[in-house]
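The primary structure of each chain is shown beneath.
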Amino acid sequence: MSEQLCCPICGEPTNVYMGKARKDGLCRKHGMQANKGEIIQCPDCGKWNEKDVVCECKKIKEIKPENELTCIICGEPSNGKHFCLKCWKKYHEKSVDIRITNCNATQILDEYGNKKIKCSDGVWVRSRAESMISDWFFMKKIRVVYEPDFFYKENEETKVLHPDFFLPDHNVYIEYCELTNKPYLRKREYTENIYKQNNKTVIIMTDSDIENRDKFFFDKLGIN
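The structure reproduced in this document is the subject of the present report. Note that the structure is a prediction, hence the values are computed from the model and not measured.

## Re the environment of Phe218
So, step 1. Relative to the helices and strands, Phe218 is located in helix 6 (residues 213-221).
So, step 2. Note on Phe218: relative accessible area 44%, which makes it partly exposed.
So, step 3. Not counting residues up to four positions away in its chain, the partners in contact with Phe218 are Ile223 and Asn224.

Dropping the structure here:
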């Protein structure tokens, strides 16, 4: 009898669906977490970690003397400054959230920055339009997640989108379309195709939809 496959995380039996065991060996619980993108397998050592946790196998950069400071974001030489010129140019006009996992590893939690508007439920968003959408859901007592990670495959590479909102009870993603120029519309079409290829439902909102949220969400989702 062949040895029973076990989950590499907890040791529980590997999840089997329709007679086929998961190739990654995960149990049902951790398989669901992996499907949702809550845990990610390190491409270097194969260990599973929570999505925002840096794997232990990552090399820790050598500690430099105080007169040889390196950038706290990327670790590159910074000429005695806390940021290298490249990271300073990228982030100096933004308010970004970072996580320091140890003395020599810093992780950007929000590279877009500028979450400057606080919604009724305490969540910070990037624009007045997004706050109007979020506050509407809060008023209607509808569960909503702001900018969740949406993982997808493209040319055998795992990539991630950050939808504006996700309604877990309706399994629907919501994107706010702010601009109407051609490059933005091409990007929007590309993003919509990603959702479609992954059998996910996405709703696109414009400024006029935000001003008529009651009618919009009733027409699209039957919410009133």
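Now that the structure has been shown, we can carry on.
## With respect to the packing of helix 3 (residues 128-139) against helix 6
So, step 1. Interhelical geometry of helix 3 versus helix 6 gives an angle of 70 degrees and a closest axis separation of 11 Å. On the basis of the axis angle, helix 3 is roughly perpendicular to helix 6. Judged by the twist between their axes, the crossing of helix 3 over helix 6 is right-handed. In contact with Met132, Ile133, Trp136 and Phe137 of helix 3, helix 6 contributes Arg213, Asp214 and Phe217.
So, step 2. Considering only residue class, the contact of helix 3 with helix 6 consists of five nonpolar, no polar and two charged.

## Overview of the sheet that holds strand 14 (residues 201-205)
So, step 1. The four strands lie next to each other as 9-12-13-14, forming an open sheet whose pairing is mixed. Every interior strand has two partners, whereas the edge strands, strand 9 (145-146) and strand 14, have only one.
So, step 2. Where strand 12 (residues 165-167) lies against strand 13 (residues 172-176), three bridges are found, and the strand directions are antiparallel. Bridging across to strand 13, Leu167 finds its partner in Val172.
So, step 3. The strands touched by helix 3 are strand 9, strand 12, strand 13 and strand 14; relative to strand 12, the strand with the most contacts, the crossing angle is about 15 degrees.

## A word on the packing of aromatic side chains
So, step 1. Across all of its chains, the model carries nine aromatic pairs by this definition.
So, step 2. An angle of 50 degrees between the planes, with centres 5.1 Å apart, marks the rings of Phe150 and Tyr195 as tilted. One end of the pair, Phe150, is in strand 10 (residues 150-154); the other, Tyr195, is in helix 4 (residues 182-197), with 45 residues separating them in the sequence. When sorted by exposure, Phe150 lands in the same class as Tyr195, which is buried.
So, step 3. The structure contains a cluster of three or more aromatic residues connected by ring pairs, namely Trp136, Phe137, Phe216 and Phe217.

## Brief notes about the nonpolar core
So, step 1. Membership of the largest hydrophobic core comes to 20 residues, with the highest contact counts inside it found for Ile133, Phe137, Ile174, Met205, Ile210 and Phe217.
So, step 2. At the level of secondary structure, the elements contributing two or more residues to this core comprise helix 3, strand 12, strand 13, strand 14 and helix 6.
So, step 3. When near neighbours in sequence (up to four residues on either side) are disregarded, Ile210 contacts Ala129, Met132, Ile133, Tyr176 and Met205.
So, step 4. One finds Phe150, Leu161, Tyr173 and Tyr195 within the second-largest nonpolar core, a separate group that totals ten residues.

## Comments concerning helix 4
So, step 1. Under the 1.5 Å per step criterion, the end-to-end length of helix 4 is 23 Å for 16 residues, consistent within 8% with the ideal 22 Å.
So, step 2. Burial in helix 4 covers these residues: Thr191, Ile194 and Tyr195. End-on view of helix 4: buried residues confined to an arc of 95 degrees, all on one side of the axis. Facing away from the buried side of helix 4, by more than 90 degrees, are the exposed residues Lys182, Arg186, Glu189, Lys196 and Gln197.
So, step 3. Buried-residue contacts for helix 4 involve strand 10, strand 11 (157-161), strand 13 and strand 14.
So, step 4. With its phi angle positive at about 55 degrees, Asn199 sits one or two positions after the end of helix 4.

## Considering the pattern of salt bridges
So, step 1. Applying the stated criterion across every chain yields a total of seven salt bridges.
So, step 2. We note a salt bridge from Lys159 to Glu154, for which the minimum N-O separation is 2.5 Å.
So, step 3. Taking the relative accessible area as the measure of exposure, Lys159 reaches 29% and is therefore partly exposed.
So, step 4. Here Asp219 and Lys215 are joined by a salt bridge, their closest N and O atoms 2.7 Å apart. Here Asp219 pairs with Lys215, and both are found in helix 6, just four residues apart, close to one helical turn.
So, step 5. A relative accessible area of 55% means that Lys215 is categorised as exposed.

Quick notes on the rules
Residues numbered from 1 in each chain as written. Predicted model: local features only at pLDDT ≥ 70, side-chain atom pairs only at ≥ 80, totals over all residues. Heavy atoms only, no water. Helix = DSSP H or I, 4+ residues; strand = E, 2+ residues; numbered from the N terminus. Buried < 20%, exposed > 50% of the residue type's maximum accessible area, 1.4 Å probe, protein only. Contact = heavy atoms within 4.5 Å. Axes fitted to C-alpha atoms, helices over the stretch in contact; angles between N-to-C directions. Parallel < 35°, antiparallel > 145°, perpendicular 65-115°, else oblique. Left-handed = near helix turned anticlockwise from the far one by under 90°. Nonpolar A, V, L, I, M, F, W, Y, C, P; charged D, E, K, R; others polar. Pairing = 2+ DSSP bridges. Phe/Tyr/Trp six-rings, centres within 6.5 Å; stacked < 30°, edge-to-face > 60°. Core = buried A, V, L, I, M, F, W, Y, C linked by side-chain atoms within 4.5 Å. Expected span 1.5 Å × (residues − 1). Arc of directions from axis to C-beta. Salt bridge = Lys/Arg side-chain N within 4 Å of Asp/Glu carboxyl O.

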